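# Structure at a glance
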Amino acid sequence: MIGWLAEFVRSQNTDGVFYGWRLVLIGILVVVAGREIGDGLIETAWGSRAFEGDGIGPPWNAVAIVGGVIGWLLSLWIAGKGVDRLGPRRMALIGLPLVGLVALLAALPGSGVLYAAVAGITGLGVIAAHIPAITTLNNWFRERLALALGLMLCGVAIGGIAIKFLLSALLLAMDWRLLTVVSGAAVMVVALPLARSIRNRPEDWGEHPDGLTPAASIPNYFWREAMRSSRFWTLMAAGCCVAVAETIAGVYDGPIIAQSASSSTIDAIDKVGLFREYASVAGILAGGLASYRFSVRRVLAAAAVVQAVGIVLLLTGFGTVFLEAAVLLGIASGMATAPGIAAVGVYFGRRSFGTIIVTMFLINQIVPSAVLAGAGYTSAAAGYVAVFVATAIISLIGAGLYLALGQPRLSPSQQLENPAIN
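Bringing the confidence of the model for the chain into the picture now. The predicted coordinates ought not to be read in detail in places where the model reports low pLDDT. Scored by pLDDT, the chain has a mean of 85; 86% of the residues are at 70 or more. Across the chain, the secondary-structure element scoring lowest on mean pLDDT is helix α3 (residues 47-51), at 61, and the one scoring highest is helix α15 (residues 337-348), at 96.

Right under this line is the structure:
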């Protein structure tokens, strides 16, 4: 086993340890510092402000909603364009110190300052941490990309849970303003060292992705080429099917459980959300490990099938089966996380990865939100059972679309440059 691990992390190009595996750990720390601490402050420390009576009220409720939507869209655009043009290292160098600064500003009095800080730190978490971290791994990995992403995202999920527990515990011992200042200062202290430890591309250091000899032909698409590719829209359709099914199952599982309350316990109902959350963390790791042996499209298809099975189990309504259904739904959700991101790198390469991945995030967020309202109206007329049966079918359709992706192909510009490869 030790010999296998030594060979697994060795670089064939430099005869040393492949630096990409260190970037997995660096990526965990970057995302935890740049996003998870901010999210923890929003949920715990800043919630104390609302408890004190300084919560959202007119006109700040409307401003917060509109500003949050605009900020989210703007952060996606800046993050995608930024990492493609400036590189993930420079984006982190600029953005991570700003995360700490915005956290410090959140301690200032005034509801307007609070919600501007919430929107700012959420957007900066995408710009300075999440997108740069996954782009870095996409640059350094190819065959093992989903595994690397799975390890990083699993570490981030565990770190996020630990941060929330830690902030909640500290909140019992200190004022929320002091906790916010301390957290913001901590992010500013670690921001520059973490950002400087990021390495944009392996070629800059005499390496190649995965630490292996370079492949003969790897897809590398411009954003416009990806938008014109049938594979991109097949991937988007599959992702939207799975995301729609996940969203409907997550929002409307309560009525299904409530309708079968006679055959379930209140304790089991309370545990469904917790079981799903922790199962999704295990699912992230499982998806990454599975992608080491199987193609990302097969792992994504398997996750969609597992999700359909979980939805069907949820409909059975027998006692503790609700908990098993919650576990399956959580595993399916987590299992698709790393391969879903890796599929963009595998099929479209590194040239415009940032812009393509934020386009995917945008579509996969908007479509389920739009369908959710329709599912609610349908359930009022036809009942939740019919809606959940249709949801399971939609998830299976997504599995079929993933399998229909086939093998990656070179971009049209690559085919024109190298007609002999065709």
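Scanning all chains against the criterion turns up 9 aromatic pairs. On the numbers, 4.9 Å between centres and 65° between planes, the contact of W21 with F141 is edge-to-face. Of the two residues, W21 is situated in helix α2 (residues 20-45) and F141 in the loop between α6 (111-140) and α7 (145-171); the sequence distance between them amounts to 120 residues. Each member of the pair, W21 together with F141, is buried.

Inspection of the secondary structure puts T247 in helix α10 (residues 230-251). Residue classification places T247 among the partly exposed residues on the basis of a relative accessible area of 25%. In this structure, the C-alpha to C-alpha distance between T247 and L372, residues 125 residues apart in sequence, is 7.3 Å.

The topology assignment puts L194 in helix α8 (residues 176-196). Separated by 105 residues in sequence, L194 and R89 place their C-alpha atoms 9.4 Å apart. Not counting residues up to four positions away in its chain, the partners in contact with L194 are I26, L29, V30, A33 and L96.

Direction vectors running N to C along helix α14 (residues 321-335) and α15 enclose 25°, while the axes themselves pass 4 Å from each other. It follows from the interaxial angle that α14 and α15 lie roughly parallel. Along its contact with α14, which presents S333, G334 and M335, the element α15 presents T337, A338 and P339. Looking at side-chain class alone, the contact of α14 with α15 contains 3 nonpolar, 3 polar and no charged residues.

Glancing now at the nonpolar core. In this structure, L137, F141, F348 and I357 are the most contacted members of the largest nonpolar core, which totals 93 residues. It is α7 that provides the largest number of residues to this core, a total of 13 residues. With near-sequence residues (within four places) excluded, I357 lies in contact with I131, I134, I341 and V344. One finds A249, Y252, A325 and L329 within the second-largest nonpolar core, a separate group that totals 19 residues.

Rules behind the numbers
- Every chain's residues receive numbers from 1 upward, in the order its sequence appears when written.
- This being a predicted model, a pLDDT of at least 70 is required before a residue's local features are given, and a value of 80 or more before pairs of side-chain atoms are given or counted; all residues contribute to the totals for chains, interfaces and linings.
- Water and hydrogen atoms play no part in the side-chain values, which are based on all heavy atoms of the structure.
- Scored from 0 to 100, pLDDT reflects the predictor's confidence in each residue.
- For the purposes of this entry, the term helix denotes a DSSP run of H or I that reaches at least four residues, the term strand denotes a run of E that reaches at least two, and both are numbered from the N terminus.
- When two rings of Phe, Tyr or Trp (its six-membered ring) have centres within 6.5 Å they constitute a pair, described as stacked for plane angles under 30 degrees, edge-to-face for angles over 60, and tilted for the intermediate range.
- The classification of residues rests on relative accessible area computed with a 1.4 Å probe and restricted to protein chains. Under 20% of the type maximum is buried, over 50% is exposed, and intermediate values are partly exposed.
- In what follows, a contact means two residues having at least one pair of non-hydrogen atoms within 4.5 Å.
- Axis definition: a line fit to C-alpha positions, over the contact stretch in the case of helices; interaxial angles, taken between N-to-C directions, run 0 to 180 degrees.
- Put simply, angles under 35 degrees are roughly parallel, angles over 145 are roughly antiparallel, angles from 65 to 115 are roughly perpendicular, and the rest are oblique.
- When residues are grouped by polarity, Ala, Val, Leu, Ile, Met, Phe, Trp, Tyr, Cys and Pro land in nonpolar, Asp, Glu, Lys and Arg in charged, and all others, Gly among them, in polar.
- By convention a nonpolar core is built from buried Ala, Val, Leu, Ile, Met, Phe, Trp, Tyr and Cys residues, the set being connected through side-chain atoms within 4.5 Å.

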